[in-house]
Amino acid sequence: NEEQKEAKALILQSKISVLKGSAGSGKSMLAAQVALDLLFTHQVEKIILTRPAVTSGEEIGFLPGDKDAKLAPYTAAIYDNMYRLYRKEIIDKHLLEGNIEVIPLAFMRGRNLTNCCVVVDEGQNITHRQMELLLGRICTGSRMLICGDTAQIDLKDKKMSGFGFICHNLTSVPGFSVITLKTNHRDPIVEDILKIYSDHRD
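Residues numbered from 1 in each chain as written. Predicted model: local features only at pLDDT ≥ 70, side-chain atom pairs only at ≥ 80, totals over all residues. Heavy atoms only, no water.

A few points about the pairing of strand E5 (residues 143-148)
And step 1. Burial runs high along E5: six of the six residues are buried.
And step 2. Burial along E5 is two-sided: the residues Arg143, Leu145 and Cys147 and Met144, Ile146 and Gly148 are all buried.
And step 3. Pairing between strand E1 (residues 16-20) and E5: five bridges, direction parallel. Residue pairing for E5: Lys20 is matched across the bridge by Gly148. (Buried < 20%, exposed > 50% of the residue type's maximum accessible area, 1.4 Å probe, protein only. Helix = DSSP H or I, 4+ residues; strand = E, 2+ residues; numbered from the N terminus. Pairing = 2+ DSSP bridges.)

Rendered as structure tokens:
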């Protein structure tokens, strides 16, 4: 829609973009679309996917398998968006070739993210210290898209979230943009329910 087109235009003018919006506003889908577009048109060499390993209240305990298997529950939503945008075999081919890579947030220290599009999901669950570390990784030829919603913070101490800080304090930095998506792309009932929760939270 027009909101997404305007958001995409602003993203392409920015180095780091924050996509804000309530559940169902299409933040992650738009980020996935922009990232794949940049990869397929060779404007970046790869896509980096990352998100905090924070669950919505329920501890899931130890997960077996290698890094990818352990991260599968956290990255499933991002993959789902990519599969909805392009054929599964195309996305799986790029995953197999390493053009789409998952890096746990905990492993970001020391990484130099060059010539890539970094998609950060569930940004509201990134702590202030982690956010500073993450933003410091970006190098030449890269873009970063951070998706989040302050109403969905799952950290035990919500004040630890670094998402609100960057939305309020980094807007004066050249190349940094904050975009708010307002249109609900899920069933209309979702918008009504979330409004009631929001009113009671305030």
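Following the structure, the description resumes.
Overview of the packing of helix H1 (residues 2-12) against helix H2 (residues 27-40)
And step 1. Contact geometry for H1 and H2: axes closest at 11 Å, N-to-C directions at 50 degrees. The angle between H1 and H2 falls in the class oblique. When you trace H1 past H2, the crossing you get is right-handed. Contact with H1, carried on its side by Gln4, Ala7, Lys8, Ile11 and Leu12, involves Leu30, Gln33, Val34, Asp37 and Leu38 of H2 and no other residues of that element.
And step 2. Of the residues belonging to the contact of H1 with H2, the class tally is six nonpolar, two polar and two charged. (Axes fitted to C-alpha atoms, helices over the stretch in contact; angles between N-to-C directions. Parallel < 35°, antiparallel > 145°, perpendicular 65-115°, else oblique. Left-handed = near helix turned anticlockwise from the far one by under 90°. Contact = heavy atoms within 4.5 Å. Nonpolar A, V, L, I, M, F, W, Y, C, P; charged D, E, K, R; others polar.)

Quick word on unusual backbone geometry
And step 1. Its identity is not glycine, yet His42 carries a phi of approximately 60 degrees, on the positive side.
And step 2. The exposure class assigned to His42 is exposed, which follows from its relative accessible area of 71%.
And step 3. In this structure, Asn115 is a non-glycine residue whose phi angle is positive, near 50 degrees.
And step 4. With respect to the element layout, Asn115 can be found in the loop between strand E3 (100-102) and strand E4 (116-120).

In short, the description is geometric, and any link to function would need to be established separately.
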